[in-house]
Amino acid sequence: MTIFKLQNSERSFKSILKSKTILVLFFLITSNTLLTSQTVLSNDTFDSGDNDWSLEGENATFVDVSEITNLLGVASSSCNNTLDANIIKLTNEGSTTSSTYNFSNYNSVIIEYDYFVEGLDTDEKWYVEFSSDNSDNWSILKEYTNGVDFENGNCGPNGFGYKETVTLSANNFIFNSNNRLRLRIDANESEDYLFIDNIKISGSTAQKNSWLGYNFNSINDHTLWSLGVIPCADDEIIIPESKELTITESIIYFDITILGHLNIAKSGSLTVNNDFINSGSVVMTSDAFENSSLIVNGTATGAIHYDKWVNNFEYDLNHMDIIATAVRGETVAHFLGINSTSILNNGTFYAVNTYNNGGVGWGDSLLITSTSDLLSNIGYAIATPPNNSQTVRFTGDIETDSTNVTLHKVQSAWNVVGNPYASYLNVRDFLQANAEAIDNEYLALITHNNTTTDQETYEYYNLSSAIIDNKNIGPGQGFYIAAKNDNAIINFTPNMRTLADGNDISENQINSNESISHKLRLNITKGNAVRHTQFYFFDNDNISEGFDNGYDTNIFDQYDNFNIYSTLLANSIDEKLAIQTLPLTNVEESIISLGIEAQAGDQITFSIDSLDIPVDTVVWLEDRDTYNWNELTSNSYTLNTSETLSGTGRFYIHFENNASLSNTEFDLQDIGIKSVHSTNQLLITGELVEATNVNIYDVNGRLILHTTADASMTTNRINISNFKTGIYIVELKNTSQTTSQQILIK
């Protein structure tokens, strides 16, 4: 049988067996070509003497496969079985050239092949080249570098040798009747070898761009697309049978047909502006921090798999995650059956629970014998086995239409729903569209915080966090929501879908100055337990010091014996705020009352994160029981409780301009503050360097009186005859001095 062989003619094949280096290249024939408009121009397996390739020089030779399999352990390679009868061998600057083709009738030309490499030195290369003038001039189509594109002796990512496809586009190359192809090795030693098998050349007139690679190939390699160009948002693409495409970034196509395999990695997102047709396999993935996303703006056909990350369950440590299906049409029996080892269960009951919407707490665990469906817009509490957080698989159709949920308010206002889409959900769009159905005091989405091991830590997403932090709800995410009335209806619509990193703001944005904003989150921790209350400041006509629907949100669990919240600056009644939003001007001068719930003997630590305030602003925590002031901008404050803490009146957050604190003393001996009961006067004695503001607050932090002390007088008298009996805080402030003191007025 004829073998195509490239080597130094003075060396016998026996001496080759002893050489150190071998380079093997075998070209692949794809078993399935998708497009009927694709024409096979040549298909050479080299198993007979008739082929379209000629030898160039003494270093090109046909070799029988039986000779190759004994070279330097090649016989032990897992890819040897793909070598079929006769193959091509190239060595020491050898090359082989195709016959002349006429490519002028095609939009693109596809070259498919296998190869196997053994022995090239680092940086040595081989090339696939193209000529439009019958071999007078050559252009490099593909360059292969040792250590970059291949490894010696490596059988390729799938153990069958390297599979490769190179595509030429008529947009980039001159197609005519003088087209030729060449394979050339650039190696310096006769011991360097290249074996070749199965060269297939096809011409295509298709307008759809077909993926010709595998899951380990880069989507941004234009040679792996049938039209020779990387598709864009206006293109129609196809993934043929036996081909596999993995998306790891944000991609937009006009439409897509999947006959093979599509993977959307946790970092990837796919937007299809028209139709999504799937008769192959589509798998979307996630982990604890990232979720793949799929948006289809046209018609979607064919089921997909969404592998959703779920936290493991540990009693009193890790909570059950609140998960939505991210697909439509999944049944309980199928879901539990395919996830029997992934979901915590005892063989009968599985750790999948539904919430008693409008009632209290979670219901019973699901049974595998259930005949019902999992609803795509409902949240389920799901847990994986202890110490084994992992993904669970949902299988079903992609939701592309609007869907709604009827909320209930009977024993409580709380309901658990879920994002029904395989994409992120824009929180701002959702809240604004459903404001009439959600309780004003809780106009927010509330989820578990998966970054802590405390099962009672919640994250709050209201209009402030949506606007300032651009918060979005991930695919397959469930959340709590409070119904304004029984049978209130909330709607999910396709225009609420968004990308994870999108900056899209709905057209009815509230104020053009929303980009000027500040924020901070105040935390208290006790062991693994973390609670927090958040503050936002920005310009908005709807923002005041009182309660603002959608911008101020109460805490979810008001009966937790460990918690923190704030109260309003103005018109405070009985609110317990998880998020408080204030006018932008308040960031430099505000005193906010805090509520703390803690048990006697607890050690709690106050700290700040997510800090974004002016650099000249300092945040202070005042403890009025201990008369301590603690700077929290860059420090924390730890307290050991000697008694149960409940409610407000002890802790306050102060925002101060740093310039006014440059000479601050909180223990000024020269200034006296004294309440004289007999004359109903407040006496301020001592030398003031300038006119000084006097602010008197009640224990809830409400400003009761504001006046000015005269710097020319050593004693300033303030009438307090109208004050009720109680504890008050007197604050003195000027540009160089600040002090405050608690007093009793009778």
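Look up a bit, the structure's there.
My aim in this report is to walk through the structure given alongside it, one point at a time. Not measured: the values here are computed from a predicted model. Along each chain, the written sequence defines residue order, and numbers are assigned to residues from 1. In keeping with the model being predicted, local features are shown solely for residues with a pLDDT of at least 70 and side-chain atom pairs are shown and tallied solely at 80 or more, while totals for entire chains, interfaces and linings include all residues. Remark: hydrogens and water are excluded; side-chain values derive from all non-hydrogen atoms of the structure.

**Re the sheet that holds strand β15 (residues 244-247)**
Defined as follows: One bridge is not enough; two strands pair if DSSP finds at least two bridges between them. Secondary structure elements follow DSSP: runs of H or I no shorter than four residues count as helices, runs of E no shorter than two count as strands, and numbering proceeds from the N terminus. Axes here refer to lines fitted to C-alpha atoms; in helices the fit is confined to the stretch in contact. Angles between the N-to-C directions go from 0 to 180 degrees.
Pairing in this open sheet of 5 strands is mixed, and the strands run β15-β18-β21-β24-β29 from one edge to the other. Edge positions in the open sheet fall to β15 and β29 (390-396), since each of these has one partner strand only. This sheet shows a mean twist of 15 degrees between the axes of neighbouring strands, independent of strand direction. The sheet contact formed by strand β24 (residues 304-310) and β29 spans 7 bridges and is antiparallel.

**Section: the pattern of salt bridges**
This is how the line gets drawn: By definition, a salt bridge exists where a carboxyl oxygen of Asp or Glu is found within 4 Å of a side-chain nitrogen of Lys or Arg. Any residue under 20% of the maximum accessible area for its type is buried, any over 50% is exposed, and the rest in between are partly exposed; the area is computed with a 1.4 Å probe on protein chains only.
The full count for this structure, using the stated rule, is 18 salt bridges. A salt bridge links Asp609 to Arg521; the nearest nitrogen and oxygen atoms lie 3.0 Å apart. Residue Asp609 is found in strand β45 (residues 603-612), and its partner Arg521 is found in strand β39 (residues 517-526); the two are separated by 88 residues along the sequence. Note on Arg521: relative accessible area 16%, which makes it buried. Linking Glu622 and Arg624 is a salt bridge whose minimum nitrogen-to-oxygen distance equals 3.0 Å. With relative accessibility at 5%, the residue Glu622 sits in the buried group. Overlapping salt bridges bring together Glu129, Arg182 and Arg184 as one network.

**Considering the environment of Trp225**
The criterion, for reference: Only heavy atoms matter for contacts: two residues are in contact if any of them lie within 4.5 Å across the pair. Think of a polar contact as two N or O atoms within 3.5 Å of one another; within protein, one of them needs to be a possible hydrogen donor and the other a possible acceptor, and neighboring residues in sequence only count if both atoms come from side chains.
You can see Trp225 is positioned in the loop between β13 (209-210) and β14 (236-239). Judged by relative accessible area, Trp225 falls into the buried class, the value being 0%. Those residues in contact with Trp225 that lie beyond four places of it in its chain are Thr167, Asn209, Ser210, Trp211, Leu212, Ile219, Ile230, Pro231, Ile237, Leu245 and Tyr253. A distance of 3.0 Å separates the side chain of Trp225 from the backbone oxygen of Ile219, its partner in a polar contact.

**Side note on the packing of aromatic side chains**
Here a ring pair, both rings aromatic, is described through the centre-centre distance and the interplanar angle of the planes. Worth spelling out the cut-off: Note on ring pairs: Phe, Tyr and Trp rings are taken, using the six-membered ring of Trp, and paired if centres are within 6.5 Å. Classes follow the plane angle, with under 30 degrees stacked, over 60 edge-to-face and the rest tilted. Here, a charge over a ring is recorded when the distance from Lys NZ or Arg CZ to the ring centre is within 6 Å and its angle to the ring normal is within 35 degrees.
Throughout the structure, instances matching the rule amount to 31 aromatic pairs. Each member of the aromatic cluster is reached from another via a ring pair, and the members are Tyr355, Trp362, Trp414, Tyr442, Tyr458, Tyr480 and Phe556. Positioned above the aromatic ring of Tyr652, the side-chain terminus of Arg624 is 3.5 Å from the ring centre.

**A look at the nonpolar core**
The criterion, for reference: For this analysis, a nonpolar core means a set of buried residues of the types Ala, Val, Leu, Ile, Met, Phe, Trp, Tyr and Cys, connected via side-chain atoms within 4.5 Å.
In this structure, Ile256, Leu262, Leu270, Phe276, Leu294 and Phe430 are the most contacted members of the largest nonpolar core, which totals 89 residues. Not counting chain neighbours up to four residues away, the residues in contact with Ile256 comprise Ile237, Ile239, Leu262, Leu270, Val272, Asp275, Phe276 and Ile277. Counting 32 residues, the second-largest nonpolar core is a separate cluster that includes Tyr113, Tyr115, Tyr162 and Leu168.

**Here's the deal with a nonpolar patch on the surface**
What counts is decided by this rule: Patch building starts from residues that exceed 30% relative accessible area and form no salt bridge, then joins like charges within 9 Å and nonpolar side chains (Val, Leu, Ile, Met, Phe, Trp, Tyr) within 5 Å. In short, Shrake-Rupley with a 1.4 Å probe defines the accessible areas, and a residue's cover is counted only from the protein chains shown.
A contiguous nonpolar patch, built from Val699, Ile727 and Leu744 and spanning about 200 Å² of accessible area, is present on the exposed surface. Summarising the element assignment, Ile727 is placed in strand β55 (residues 726-733).

Shape descriptors only; they carry no functional weight alone.
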